[in-house]
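Listed below, chain by chain, are the residues.
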Amino acid sequence: MSVTVIAHCDWSIDRKKRWMCVAVRQATTWILSAPEPVGETKDLIPRLRSRAKTDAALLMGFDFPIGLPAGYGKALGLASFRSALRAFGARRFERWFDVAEHRKDIAIDRPFYPMRPGGTQRRHLFDALSVESGRELLRRCERATADRGDACMLFWTLGGNQVGKAAITGWREIIIPNLSELALWPFDGPLAELTKPGATVVAETYPGDVYSQLGIPRRPVWSKRQQTGRRTAGDHLLR
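Quick caveat: nothing in here was measured; it's all calculated off a predicted structure. (Residues numbered from 1 in each chain as written. Predicted model: local features only at pLDDT ≥ 70, side-chain atom pairs only at ≥ 80, totals over all residues. Heavy atoms only, no water.)

A. Inspection of the packing of aromatic side chains at higher detail. Within this structure, the stated rule accounts for 17 aromatic pairs. Relative to tryptophan 171, the ring of tryptophan 96 has its centre 5.7 Å away and its plane inclined at 10°; by these criteria the two rings are stacked. Residue tryptophan 96 is found in the loop between helix H3 (81–87) and helix H4 (122–128), and its partner tryptophan 171 is found in helix H5 (residues 164–175); the two are separated by 75 residues along the sequence. Like tryptophan 96, the residue tryptophan 171 is buried in the burial classification. Ring geometry for phenylalanine 112 against phenylalanine 155: centres 5.2 Å apart, planes inclined by 85°, an arrangement best described as edge-to-face. Of this pair, phenylalanine 112 sits in the loop between H3 and H4 while phenylalanine 155 sits in the loop between H4 and H5, and the two are 43 residues apart along the sequence. We note that phenylalanine 112, like phenylalanine 155, is buried. Taken together through their ring pairs, the aromatic side chains of Tyr72, Phe81, Phe88, Phe93, Trp96, Phe97, Phe112, Phe155, Trp171 and Phe187 make up a single cluster. Between arginine 18 and the ring centre of tryptophan 11, over which it is positioned, the NZ or CZ distance is 3.9 Å. (Phe/Tyr/Trp six-rings, centres within 6.5 Å; stacked < 30°, edge-to-face > 60°. Helix = DSSP H or I, 4+ residues; strand = E, 2+ residues; numbered from the N terminus. Buried < 20%, exposed > 50% of the residue type's maximum accessible area, 1.4 Å probe, protein only. Lys NZ or Arg CZ within 6 Å of the ring centre and 35° of its normal.)

In structure tokens:
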């Protein structure tokens, strides 16, 4: 693996709330920056690449979904996630990114719902997409583990933990405009093979899933929104 710059972007549909941390390798040492605004996404990749003194790979992580539920992908009849990205927003999928306002607007080629609260149910989404439950609209990586519960479904766009609208903005601003220049992990191959000199690799991150991998306990309960909680997690990170 040949990586010189790693950036993690904490994503939001509100551009003012998008923050990132950047790590730059200098010889055998990594220099980690303080959090900073993501800024304009059109030039994000060249800005990050400019921090490297070599032509090694740039690895970018985003905490919005990158991928589709397997059953839904098969129903589309598209060969791969990359081919789906090329199709979304045009012809049959012209309205794919338009969040449905009413249950009658939901369709296989317009799956995001609802636009706003009021008389909406997840059952509307299940019925329109011909699934029995939300589990069928979860990717395997989103399903509950021993350390956490299910993540929110990609296509449900209501509530504090919804991720659908973040995915829409992330795919439209970051991935699709740069698709020909990006390597998508894991869709395009193993990470060690994708991170070759000159490559820009994009990966989805799931902070809530990483806590247990790094040995950060969930008990006693702590909150990332409070300094005391972050300090507790920081002790484990330093170890």
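B. Seen up close, helix H8 (residues 227–238). For H8, which comprises twelve residues, the first-to-last C-alpha distance of 16 Å matches the rise-based estimate of 16 Å (1.5 Å per residue) to within 8%. Those residues of H8 that sit buried are Gly229, Ala233, Gly234 and His236. The buried residues of H8 all sit within an arc of 160° when viewed along its axis, so they share a single face. Summarising the geometry of H8, the exposed residues directed more than 90 degrees from the buried face are Gln227, Thr228 and Leu238. (Expected span 1.5 Å × (residues − 1). Arc of directions from axis to C-beta.)

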